[in-house]
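Structure assessment
Spelled out, the chains give:
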Amino acid sequence: AQSVTQLGSHVSVSEGALVLLRCNYSSSVPPYLFWYVQYPNQGLQLLLKYTSAATLVKGINGFEAEFKKSETSFHLTKPSAHMSDAAEYFCAVEETSGSRLTFGEGTQLTVNP
Amino acid sequence: SAVISQKPSRDICQRGTSLTIQCQVDSQVTMMFWYRQQPGQSLTLIATANQGSEATYESGFVIDKFPISRPNLTFSTLTVSNMSPEDSSIYLCSVELAGQYNEQFFGPGTRLTVL
């Protein structure tokens, strides 16, 4: 069975600082990995995905994530936080194409001026 | 991408009643899913909506409580039956589009409050 762990339910950074949101997964097969963002009172928007191509994945809004098989991690980073980045971020894993997504518990990102 | 609409966007319902949520997509879809997001929590898959046949439910979810229909490729409904306050959640549909594999797009969600 697959699972996702997001370390830190709340992360707070200053505007302009580095954003690092942690995600570790467990899967019996090489997985597909995703980061989604949810703004208040909205649905989920895909930030980026890893599907066994390049291990460093670039997404929208300046975010990127690196797949590290040895660490079973897929941490999300952004060099410089913006106020508009404040939202809930979810890491998710999909074992095979077209199958269920398993979500982590989410990390609430706060950006302070 | 695609435009995914859900109706209603929110509702407040009385205990013991039922609510049907609609999900409509403007593109060709291969897979459709229904998720629940309880207050302050992550998303949990309820079921996979199968066109023309019974949905495939995840552990802990049953057809009597969450009947799902998918009469065609681009439309599905989820009914929350005999509601209780514990059913207060956001219900989201998601789709995998034809030709865009390994990527699920989410609707805006339906925010349900049960009194």
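Here goes a summary of the coordinates provided. None of the values given here were measured: they were computed from a predicted structure. (Residues numbered from 1 in each chain as written. Chains lettered and ligands numbered in written order. Predicted model: local features only at pLDDT ≥ 70, side-chain atom pairs only at ≥ 80, totals over all residues. Heavy atoms only, no water.)

**Describing the overall build of chain A**
- Helix and strand content of chain A: 0 helices and 12 strands.
- Secondary structure of chain A in N-to-C order comes out as β-β-β-β-β-β-β-β-β-β-β-β.
- Whereas a compact globule of 113 residues would reach a radius of gyration of roughly 13 Å, chain A reaches 13 Å, a difference of no more than 12%.
- Along the three orthogonal principal directions, the C-alpha set of chain A runs to about 40 × 30 × 20 Å. (Helix = DSSP H or I, 4+ residues; strand = E, 2+ residues; numbered from the N terminus. Rg over C-alpha atoms; globule rule 2.2 N^0.38 Å.)

**A word on the sheet that holds strand β3 (residues 19–25) of chain B**
Residue and element names in this part refer to chain B.
- Taken together, the 4 strands give an open sheet; going across it, the order is β1-β3-β8-β7, and neighbouring strands pair in antiparallel fashion. With one partner strand each, in any of the chains shown, β1 (4–7) and β7 (68–72) form the two edges of the open sheet. For this sheet, the mean inter-axis angle between neighbouring strands, taken without regard to orientation, is 15°.
- Two strands pair when backbone bridges link them, and β7 and strand β8 (residues 75–80) are joined in this way by 3 bridges, in the antiparallel orientation. Each bridged residue has a counterpart across the sheet, and for N72 the counterpart in β8 is F75. (Pairing = 2+ DSSP bridges. Axes fitted to C-alpha atoms, helices over the stretch in contact; angles between N-to-C directions.)

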